[in-house]
Amino acid sequence: MTPVEQLRTTLAALSLTAIDARLEGLLETASKKEPSYADFLLEVMNTEADVRRQRYLKARLQLAHLPYIKTFEQFDFGFQPSIDERQIRELRTLRFVHEASNVILLGPPGVGKTHLAVALAETAIQSGNGAYFMTAHDLVTDLGRAYREGRLDRRMRVYLAPKVLIIDEMGYLPLDDLGATIFFQLVSARYERGSIVLTSNKSYGEWGSIFGDPIIATAILDRLLHHSTTINIRGESYRLKERRKAGLIPLPDQQHDEPPALAHRSHTKRNQLP
């Protein structure tokens, strides 16, 4: 058995598959450049370490339950001038994760709230932190089912374990009494222990309607906002932008305050008034 064959046997025994896959290239490069033993060993070990890191990150991204992978580089800040990019750069440092503080993204549908939330999760995962994504409706439904089956404490650990919990679309559907109580328990349990990144189309003043009780809404907001950053996005929907580019809806300067068909109906109704 040649030294290379013996080396491959040893690499297989140690499960160093990345080195094994690149062995011929590594040896050829070493014969041409003649690096020191330490430099050559470092390159060999980095080959394995890099592949294992990518494998680890891929697994973490899959476990995060993200709806898609979006990064900050893909976000069109020019289209949303209401966003302070300096504030986003600060969040990208992940200081909020180390401080167990929260990020609240408010704004109408389609302005990029979920994109930014996913980008924060992706950044956290790339830095070695655990993250998990759920819509508010799915989260409360899941925990409500666990409560009725007598396993709420065990299921709650799924949402307490990650350093960053992303709760998307808070406010699109109101919560019942059980859902509001469970959500309060979750926020209280993560308070000053783990970060929440939350998106909502409702202003804070409207949260009483989400939870059906202004008192519990105030208690939840008190814990969420004590250590938090709020980003209020006031802009046009990206989805409408893409539809305009495709010619499916008119440009803003081509629109009237009231569509002709609606104006005709309104005029007809006014004429029918006594």
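Residues numbered from 1 in each chain as written. Predicted model: local features only at pLDDT ≥ 70, side-chain atom pairs only at ≥ 80, totals over all residues. Heavy atoms only, no water.

K.L.:
What exactly am I supposed to notice about the overall build of the chain here?
P.N.:
When you go through the chain residue by residue, the secondary structure sums to 13 helices and 5 strands. Each of the 274 residues in the chain was classed as buried or not, and the buried ones make up 38%. For the chain, the share of sequence-separated contacts (at least 6 apart) that also reach a separation of at least 24 residues comes to 78%. In the form shown here, the chain has an accessible surface area of approximately 16200 Å², with 53% of it arising from carbon and sulfur atoms. (Helix = DSSP H or I, 4+ residues; strand = E, 2+ residues; numbered from the N terminus. Buried < 20%, exposed > 50% of the residue type's maximum accessible area, 1.4 Å probe, protein only. Contact = heavy atoms within 4.5 Å. Areas by Shrake-Rupley, 256 points an atom, 1.4 Å probe, with all protein chains shown as cover.)

K.L.:
Which parts of the structure should I look at to understand the environment of Gly208?
P.N.:
With respect to the secondary-structure elements, Gly208 resides in helix H10 (residues 207–211). Between the C-alpha atom of Gly208 and that of Pro174, which follows or precedes it by 34 residues, the distance is 9.6 Å. Dropping the residues within four chain positions of it, Gly208 is found in contact with Asp213, Pro214 and Ala217.

K.L.:
Even after reading the chapter, I still don't get helix H4 (residues 85–92), so can you show me in this structure?
P.N.:
An α-helical turn contains 3.6 residues, so any two residues separated by three or four positions project in the same direction. At the N-terminal end of H4, a side-chain oxygen is found 3.0 Å from the backbone nitrogen of Arg86, two or three residues along, and the residue is Asp84. Positive backbone phi, at 65°, marks Leu94, one or two positions downstream of H4. (Polar contact = N/O pair within 3.5 Å; in protein donor to acceptor, adjacent residues only side chain to side chain.)

K.L.:
What is the right way to look at the side chain of Glu122 in this model?
P.N.:
Of note, Glu122 is situated in helix H6 (residues 113–126). Despite its burial, Glu122 remains without a salt bridge, the nearest opposite charge being carried by Arg92 at 7.3 Å. The contacts of Glu122, once residues within four sequence positions are left out, are Leu61, Ile69, Lys70 and Thr71. (Lys, Arg positive; Asp, Glu negative; His and termini not counted. Salt bridge = Lys/Arg side-chain N within 4 Å of Asp/Glu carboxyl O.)

K.L.:
In this structure, what is going on with the pairing of strand E3 (residues 164–170)? I would like to understand it.
P.N.:
For a regular strand, the rule is simple: side chains alternate between the two faces of the sheet. Burial of E3 is extensive: 6 of the 7 residues sit out of reach of the surface. Here strand E2 (residues 131–135) runs beside E3; their pairing, made up of 5 bridges, is parallel. By the bridge assignment for E3, Tyr132 is matched with Leu165. In this structure, E3 lies alongside strand E4 (residues 195–200), joined through 5 bridges in parallel fashion. Among the inter-strand pairings, Ile166 is bridged to a residue of E4, identified as Val197. In this region the chain leaves E3, passes through helix H9 (residues 177–190) and returns to the parallel neighbour E4; the handedness of that crossover is right-handed. (Pairing = 2+ DSSP bridges. Right-handed = clockwise from strand over helix to strand, strands pointing away.)

K.L.:
Explain the sheet that holds strand E1 (residues 102–106) to me, please; I cannot follow it from the model alone.
P.N.:
Two orientations exist for strands paired in a sheet by backbone hydrogen bonds: parallel and antiparallel. One open sheet holds the 5 strands; their spatial order is E2-E3-E4-E1-E5, and the pairing between them is parallel. Looking at strand neighbours, the two that pair on one side only are E2 and strand E5 (228–232), the edges of this open sheet. Across the sheet, the mean angle separating the axes of adjacent strands is 15° when strand polarity is ignored. The pairing of E1 with E5 spans 5 bridges and is classified as parallel. Residue pairing across strands places Leu106 opposite Asn232, the latter belonging to E5. Strand contacts of helix H7 (residues 136–148): E2 and E3, with the helix running at about 95° to E2, the strand carrying the most contacts. Of the strands in this sheet, E3 and E4 are in contact with H9, which crosses E3 at around 150°. (Axes fitted to C-alpha atoms, helices over the stretch in contact; angles between N-to-C directions.)

K.L.:
Quick question: what am I supposed to make of the packing of helix H1 (residues 3–13) against helix H2 (residues 17–33) here?
P.N.:
Think of two packed helices as two axes; the pair is described by the angle between the axes and how far apart they sit. It is the contact of H1 with H2, at a shortest axis distance of 10 Å, that shows an interaxial angle of 150°. Between H1 and H2, the angle is such that the two are roughly antiparallel. Along this stretch, H1 crosses H2, giving a crossing that reads as right-handed. Contact residues: Val4, Leu7, Arg8 and Leu11 in H1; Ile19, Asp20, Leu23, Glu24 and Leu27 in H2. A per-class count over the contact of H1 with H2 returns 6 nonpolar, no polar and 3 charged. (Parallel < 35°, antiparallel > 145°, perpendicular 65-115°, else oblique. Left-handed = near helix turned anticlockwise from the far one by under 90°. Nonpolar A, V, L, I, M, F, W, Y, C, P; charged D, E, K, R; others polar.)

K.L.:
Explain the packing of helix H3 (residues 37–63) against H6 here, please?
P.N.:
Relative orientation of the contacting elements H3 and H6 amounts to 145°, with a least axis distance of 10 Å. Two packed elements cross with a definite hand, and for H3 against H6 that hand is right-handed. Across from Arg53, Leu57, Arg60 and Leu61 in H3, the residues of H6 making contact are Glu122, Ile125 and Gln126. Looking at side-chain class alone, the contact of H3 with H6 contains 3 nonpolar, 1 polar and 3 charged residues.

K.L.:
Could you clarify how one ought to interpret the nonpolar core in this entry?
P.N.:
One broad rule of soluble globular proteins: the nonpolar side chains tend to lie buried together. Formed by 32 residues in total, the largest nonpolar core has its most connected members in Ile88, Phe96, Leu116, Ile166 and Val197. Elements represented by at least two residues in this core include exactly H3, H4, helix H5 (95–98), E1, H6, E2 and E3. Dropping the residues within four chain positions of it, Val197 is found in contact with Phe96, Val103, Leu105, Ala117, Leu120, Val164, Leu165, Ile166 and Ile167. Membership of the second largest hydrophobic core comes to 30 residues, among which are Leu152, Ile167, Ala217 and Ile220. (Core = buried A, V, L, I, M, F, W, Y, C linked by side-chain atoms within 4.5 Å.)

K.L.:
Help me understand the pattern of salt bridges, please; the structure alone is not making it clear to me.
P.N.:
Opposite charge on two side chains makes pairing possible when the charged atoms of those side chains draw close. Counted under the stated rule, the structure contains 10 salt bridges. One salt bridge connects Arg155 with Asp142, and the closest N-O pair in it is separated by 2.7 Å. Taken as a pair, Arg155 in helix H8 (residues 152–160) and Asp142 in helix H7 lie far apart in primary sequence, 13 residues in all. Exposure remark for Asp142: the relative accessible area of 9% places this residue in the buried category.

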